[in-house]
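# Survey of secondary and tertiary structure
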Amino acid sequence: MEKGDYAMNTEKQCHKIASVRKNILQTMEQPIETEFLVPEYCPDIARILKCEMTPRLVSKSVSGGTMIIDGCAEIDVIFCGEDGKISSVLTKFNFTKTVDDPSFSDGYVMVKLKNGHLSCRQTTARRIEIRGSVCIDIAVAIKEDDEIICDIEDQSAQLLRKSETATTELGFSEKTAILEEEIMLGAGQPEIKYVLRQNAVAMVSECKIISDKAVVKGNVKVEIIYCSVEDRPVCHYAMVPFSQIVDITTEGEDCTAEADAEITALDVKPRTGGDGITNYFVVTIKLNVGVQSFCESEIPIIADAYSTKYKTELATKDLMVKKRVDSINEKIMVKKTLDFSEGQIMGVADVWCSAGANDVRFDGKEMIISGMLNVCVLAYSAEDCPEYFERNVEFEYRTMISEAFENMACEPKIYPVDCSYTLLGSGQIELQAELQVCANVYIQKKVPCVTDVSFNEENEMGDEAIIAYFCDKGESLWDISKKFCASLQNIKEQNNLADDIVNSPLMLIIPRM
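Cut-off values and rules
- Residues numbered from 1 in each chain as written.
- Predicted model: local features only at pLDDT ≥ 70, side-chain atom pairs only at ≥ 80, totals over all residues.
- Heavy atoms only, no water.
- Helix = DSSP H or I, 4+ residues; strand = E, 2+ residues; numbered from the N terminus.
- Rg over C-alpha atoms; globule rule 2.2 N^0.38 Å.
- Buried < 20%, exposed > 50% of the residue type's maximum accessible area, 1.4 Å probe, protein only.
- Contact = heavy atoms within 4.5 Å.
- Areas by Shrake-Rupley, 256 points an atom, 1.4 Å probe, with all protein chains shown as cover.
- Lys, Arg positive; Asp, Glu negative; His and termini not counted.
- Charge placed at Lys NZ, Arg CZ, Asp CG, Glu CD.
- Phe/Tyr/Trp six-rings, centres within 6.5 Å; stacked < 30°, edge-to-face > 60°.
- Lys NZ or Arg CZ within 6 Å of the ring centre and 35° of its normal.
- Core = buried A, V, L, I, M, F, W, Y, C linked by side-chain atoms within 4.5 Å.
- Pairing = 2+ DSSP bridges.
- Axes fitted to C-alpha atoms, helices over the stretch in contact; angles between N-to-C directions.
- Polar contact = N/O pair within 3.5 Å; in protein donor to acceptor, adjacent residues only side chain to side chain.
- pLDDT = per-residue confidence, 0-100.
- Disulfide = S-S within 2.5 Å.
- Salt bridge = Lys/Arg side-chain N within 4 Å of Asp/Glu carboxyl O.
- Arc of directions from axis to C-beta.

Moving on to the overall build of the chain. Counting secondary structure elements, the chain contains 3 helices and 21 strands. Against the globule reference of 24 Å for 513 residues, the chain gives a C-alpha radius of gyration of 32 Å, more extended than a compact globule. Oriented by its inertia axes, the alpha-carbon framework of the chain measures out at about 110 × 50 × 40 Å. Residues classed as buried in the chain amount to 46% of the 513 residues present. Considering only contacts within the chain whose residues lie at least 6 apart along the sequence, 77% involve residues at least 24 apart. When the accessible surface of the chain is totalled, it reaches about 25,600 Å², and 45% of it is carbon and sulfur. Measuring between centres, the 53 positive side-chain charges of the chain sit 2 Å from its 84 negative side-chain charges.

In total, this model carries 7 aromatic pairs according to the counting rule given. Centroid distance Tyr-41 to Tyr-194: 4.8 Å. Interplanar angle 35°. Geometry classified as tilted. Of this pair, Tyr-41 sits in the loop between strand 1 (11-37) and strand 2 (45-63) while Tyr-194 is found in strand 8 (residues 192-210), placing the two residues 153 residues apart along the sequence. The partly exposed category is assigned to Tyr-41, whose relative accessible area is 48%. Owing to a relative accessible area of 7%, Tyr-194 belongs among the buried residues under this scheme. Looking at Arg-197, its charged tip hangs above the ring of Trp-352, at a distance of 4.0 Å from the centre. Across the ring face of Tyr-380, the terminal group of Arg-232 is positioned such that the distance to the ring centre comes to 4.1 Å.

Counting 33 residues, the largest nonpolar core has Leu-338, Ile-345, Met-367, Leu-373, Val-375, Val-377 and Leu-435 as its most contacted members. Mapped onto this core, the elements with two or more residues apiece are strand 13 (310-339), strand 14 (347-363), strand 15 (366-380), strand 16 (386-400), strand 18 (413-425) and strand 19 (428-458).

By way of backbone hydrogen bonds, the strands of a sheet pair with one another, either parallel or antiparallel. Strand order in the open sheet made by the 3 strands is 2-3-4, with antiparallel pairing throughout. Looking along the sheet, the strands with just one partner apiece sit at the ends: strand 2 and strand 4 (86-100). Each strand axis lies, on average, 15° off the axis of its neighbour in the sheet, ignoring direction. Strand direction decides the pairing type here: strand 2 and strand 3 (residues 66-81), joined by 16 bridges, are antiparallel.

To continue, consider the pairing of strand 20 (residues 466-471). A regular strand places its side chains so that they alternate between the two faces of the sheet. Residues Ile-467, Tyr-469 and Cys-471 of strand 20 are buried on one face, while the alternating residues Ile-466, Ala-468 and Phe-470, pointing to the opposite face, are not. Examined bridge by bridge, strand 20 and strand 21 (residues 506-511) share 6 bridges and lie antiparallel to one another. What sits directly across from Tyr-469, in strand 21, is Leu-508.

Backbone geometry at Cys-485 places phi at a positive 55°, although glycine is not the residue there. By secondary structure assignment, the location of Cys-485 is in the loop between helix 2 (477-483) and helix 3 (488-495). Positive phi values are uncommon outside glycine, yet Asn-496 reaches one of about 55°. Tracing the chain through its elements places Asn-496 in the loop between helix 3 and strand 21. With a relative accessible area of 72%, Asn-496 lands in the exposed category.

Mapped onto the elements, Glu-223 comes out in strand 9 (residues 213-228). Judged by relative accessible area, Glu-223 falls into the buried class, the value being 11%. Reaching out from Glu-223, the side chain makes a polar contact with the side chain of Arg-197 at a distance of 3.2 Å.

If you trace the 3 strands from one edge of the open sheet to the other, you get 7-12-11, paired in antiparallel fashion. Where the open sheet ends on each side, the last strands, each with one partner, are strand 7 (157-184) and strand 11 (255-272). Each neighbouring strand pair of the sheet contributes to a mean axis angle of 10°, computed without reference to strand direction.

Right, let's get into the pairing of strand 3. Within strand 3, 13 of the 16 residues are buried, which leaves the element mostly enclosed by the surrounding structure. From the end of strand 2 to the start of strand 3, which pair antiparallel, there are 2 residues, and Gly-64 there has a positive phi angle of about 65°. Looking at chain direction, strand 3 and strand 4 are connected through 15 bridges and run antiparallel. Bridge pairing in strand 4 links Gly-71 to Phe-95. The loop that links strand 3 with its antiparallel partner strand 4 comprises 4 residues; one of these, Gly-84, has a positive phi angle of about 80°.

Of the residues in the chain, 97% reach a pLDDT of 70 or more, and the chain-wide mean stands at 90. Every residue in residues 1-8 is under pLDDT 50, and counting partners more than four places away or in other chains gives 12 contacts.

Per the counting criterion, the structure on display carries 0 disulfides. Between Cys-295, a cysteine without a disulfide, and Cys-255, which holds the nearest cysteine sulfur, the sulfur-to-sulfur distance is 4.2 Å.

Inspection of the entire model under this criterion finds 32 salt bridges. Glu-390 is the salt-bridge partner of Lys-50, the closest N and O atoms lying 2.8 Å from each other. In this pair, Lys-50 is assigned in strand 2 and Glu-390 in strand 16, connecting sequence segments 340 residues apart. In this structure, Asp-418 engages Lys-221 in a salt bridge whose closest nitrogen and oxygen atoms are separated by 2.9 Å. Here Lys-221 lies in strand 9 and Asp-418 lies in strand 18, a separation of 197 residues in the sequence. In this structure Asp-418 comes out as partly exposed when scored by relative accessible area, which is 29%. In this structure Lys-221 comes out as buried when scored by relative accessible area, which is 15%. Among the ionic contacts, a cluster of salt bridges with common partners joins Asp-359, Arg-361, Glu-366, Glu-396 and Arg-398.

It is worth spelling out helix 3 at this point. Along helix 3, the positions that sit buried rather than exposed are Leu-488, Ile-491, Lys-492 and Asn-495. Buried positions in helix 3, seen along its axis, are confined to an arc of 100° and lie on one side of it. Lining the buried residues of helix 3 we find strand 7, strand 12 (278-307), helix 2 and strand 21. Two to three positions downstream of the cap, the backbone nitrogen of Gln-489 sits 3.4 Å from a side-chain oxygen, assigning the N-cap of helix 3 to Ser-487.

What follows is the structure, given as structure tokens:
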């Protein structure tokens, strides 16, 4: 047999492994510059209390290497009028951004909008100037296939087989839905004059896979602060249910899916009933439902190989294996007493908050998430003047995960579900914030594996049929058998061994034939 002939005839079975690589491409800034007049029904501005901006991704479209992003910055300015009452004005700044990148055509493009800087000033008694920016984070999820060898059909081949459990991201799907709901005021609530502040949070309660579709159910919590005909702020809350069917990518029966929902547009309009009383709202919500599908699978890996008859050449690589080890979806309560100066707060118009995670760490099987709650308080002073305050509240969430591993990581999502308060006196508010914590815990490790193998010319073996080898405690039988080009199974049988590691010093009989 000529050198190289055997390598050409070696039959190998290969296994393809799908993985998703996420490339963080860039963060862009969209300038927000606008000015506007307050509506006629509002009084002149005495002083601005609070200006907040909510960026929303209206749509994105990708064609080849070009993406068009349509967004909207909702700007809500709450102010004290010359009449000493709380008023507000809501304006929307629409924008379009075109981004070019050749990798857009290689995978799925993900876009996230977040607040940049924001400044707000009163230029006249009825005019407001806004200067700020929205940050646009762009990433591309690219699906890749790695090929590794999982078997070699040759009697002389010795294979070190291993198996790794991996969580593979199969794909991400989205669907847009429009929800419209009439929300009636409760019994005893005063008539609506105009809307002061509006907000909505989408919460997914269920995501089930049926065939190649995900059934996603949840609720949108709508918070409306309105000015009553009595010129006092009134809070009203409502839940709007939603249910959507989203086409997803699946592989077999071991697939799971996780869903998220994001508000991309919110419109709240007061309406007057047949009795002439303005006692309900028409709420229109544009909702984007995203579903990530996963598959848990066992990957057959050959970590090492050799032949008992031929010289062996191996090609190896480190395979990145990602495995989901736990999933967290819990509600937690954050309680805090907020202190103010004596007489600063005699009444509260509204309290709302936002939340985020600052740090995640692991202590054995315990996961610890440190976060920050930004609390906004719209209140009345002892002189019945509107005032606005902000407080940052640190919180910590601890939970036990199923098992402790090295190199664990997660990116939690935290958002407020409910924010309630009790006014304890003129200097204190007891806050109770209910937060939803969602987190997938992963481990990611490098696993050495064989990607190609070739058997060439025959080994130059001695004439010995049996070799006596004196080994030490802790030596690997695989390393020993590979060193002498012998069969691992024959060594175990000849020496009556069951384990792959030598437990004590001994003399091994190594059969060569």
